[in-house]
Amino acid sequence: MNRSWTARMRVTLIVSAGIAAGPALGSATDALSAVEVLREGGCGGVVPAARPLRHEMALDSVAQQWADGLALAAAAERGGYSALATSGLHVSSTPAGILEALRRYACRTVTSPDLRGVGIYRRGLESWIVMTADYRAPGLPSSGARIAPPALAAPVPESPRAPVPPGATAAALATHALQLVNDVRARGTRCGGRLFAPAPPLALSGTLANVALGHAADMAEHDYFEHRDLSGQTPADRVRAVGYREKLVGENIAYGPKTVEEVVQGWLDSPGHCENIMDPRFAEMGIGYAAGRSGRHGVYWVQVFAEPQA
């Protein structure tokens, strides 16, 4: 069950739900229109309406540098924006349904009232949306002008690894995460516009926990945030590689939360991630986390779900 829609946020939480291929941007104009429709309508009345964003060519440049492989934080700083105030969304799929994809999986990201500017870059079926809560850093050119990275810009220094959740061992954290997830499954909940009835409890799987930890550590070590790893393996591929015989696999990933309560709540607040948590077909889960380094200062989280073969 490989899902190719991914989302990133720099401010507080980065999440990406492992759900079936999400629609992508057909063009920059379509993406901008989708963002503004969602902000104006509050994602169909789910959240308060927000003011329109200003399309900035300099943010288009940030999006292009991010697409070319530069970490989003570094690209933002080069463009004169605060990395901590910059968020990004990356969509990859056929050119249809961008509005529904953003509404379903990034509603609260694109409608944040703190956002002020937006930029877009598109390459084939891959599209990158970059948004910022501030227009420009002091003393830099106006936001309507495209600027090039400074010729003599110093490289972004590598940051020390972020602290892991305080006082938590991996086993205790996994047990607590399982309790939070099973509490929600026991009572049922609404994931966006879809109501889920109570579902059977999940069981912890040491095998799935090792898969989750491995992917979290790999993203932290190599400074990326994707379901598909750098070798091209999907969540299902990684599960099979350790000998787990699965019928169905799902994955939630996140970047930034400092506690298990925060990361689970963030997933529940996002319809796509919430649907993974509530899917009654899943019987087992594993969760892992790793401290970020390089351009990222937070903690990477991975939650893997599976339905084992009988």
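The rules behind the values
Residues numbered from 1 in each chain as written. Predicted model: local features only at pLDDT ≥ 70, side-chain atom pairs only at ≥ 80, totals over all residues. Heavy atoms only, no water. Buried < 20%, exposed > 50% of the residue type's maximum accessible area, 1.4 Å probe, protein only. Helix = DSSP H or I, 4+ residues; strand = E, 2+ residues; numbered from the N terminus. Phe/Tyr/Trp six-rings, centres within 6.5 Å; stacked < 30°, edge-to-face > 60°. Core = buried A, V, L, I, M, F, W, Y, C linked by side-chain atoms within 4.5 Å. Contact = heavy atoms within 4.5 Å. Lys, Arg positive; Asp, Glu negative; His and termini not counted. Salt bridge = Lys/Arg side-chain N within 4 Å of Asp/Glu carboxyl O. Axes fitted to C-alpha atoms, helices over the stretch in contact; angles between N-to-C directions. Left-handed = near helix turned anticlockwise from the far one by under 90°.

S.K.: Please clarify how helix α10 (residues 271-278) should be interpreted in this entry.
M.R.: The α-helix winds at 3.6 residues per turn, so residues separated by three or four positions along the chain end up facing the same way. Among the 8 residues of α10, 8 are classified as buried, and the element is accordingly described as predominantly covered. Looking only at α10, the buried set comprises P271, G272, H273, C274, E275, N276, I277 and M278.

S.K.: Help me understand the packing of aromatic side chains, please; the structure alone is not making it clear to me.
M.R.: The geometry of two aromatic rings is summed up by the distance between their centres and the angle between their planes. Taken as a whole and judged by the stated rule, the model has 4 aromatic pairs. With centroids separated by 5.1 Å and ring planes inclined at 50°, the aromatic side chains of Y255 and Y300 adopt a geometry described as tilted. Of this pair, Y255 sits in strand β10 (residues 246-255) while Y300 sits in strand β12 (residues 299-308), placing them 45 residues apart in sequence. Accessibility classification places Y255 together with Y300 in one group, the buried group. When the ring of F282 is compared with that of F305, the centres are 5.3 Å apart and the planes differ by 25°; the resulting orientation is stacked.

S.K.: What should I look at first to understand the nonpolar core in this one?
M.R.: Counting residues in each nonpolar core, the largest one holds 26 residues, and the members touching the most others are M285, I287 and W301. Ranked by residues supplied to this core, first place goes to helix α6 (residues 170-187) with 6 residues. Setting aside anything within four residues of it in sequence, one finds M285 in contact with A177, L178, V181, L202, A203, L204, S205, L208, Q303, V304 and F305. Among the nonpolar cores identified, the runner-up in size contains 19 residues, and M219, A220, Y224 and V302 belong to it.

S.K.: Any chance you could explain the side chain of R39 here in plain terms?
M.R.: For R39, the location among the structural elements is in helix α1 (residues 28-45). One buried charged residue, R39, remains without a salt bridge, the closest side chain of opposite sign being E36 at 4.5 Å. Sequence-distant contacts of R39, that is, excluding residues within four places in its chain, are made with A49, A50, R51, P52, L53, V110, T111, S112 and L115.

S.K.: Please clarify how unusual backbone geometry should be interpreted in this entry.
M.R.: Unusually for a residue other than glycine, D223 sits at a positive phi of about 60°. With respect to the helices and strands, D223 occurs in the loop between α7 (206-222) and α8 (235-241).

S.K.: What should I look at first to understand the packing of α6 against helix α9 (residues 260-269) in this one?
M.R.: Each packed pair of helices is defined by two parameters, the angle between the axes and the distance between the axes. As a packed pair, α6 and α9 sit with axes 10 Å apart at the nearest point and diverge in direction by 35°. α9 is crossed by α6, and the crossing has right-handed handedness. Between α6 and α9, the residues in contact are L173, H176, A177, L180 and V184 and V260, E261, V264 and L268, respectively.

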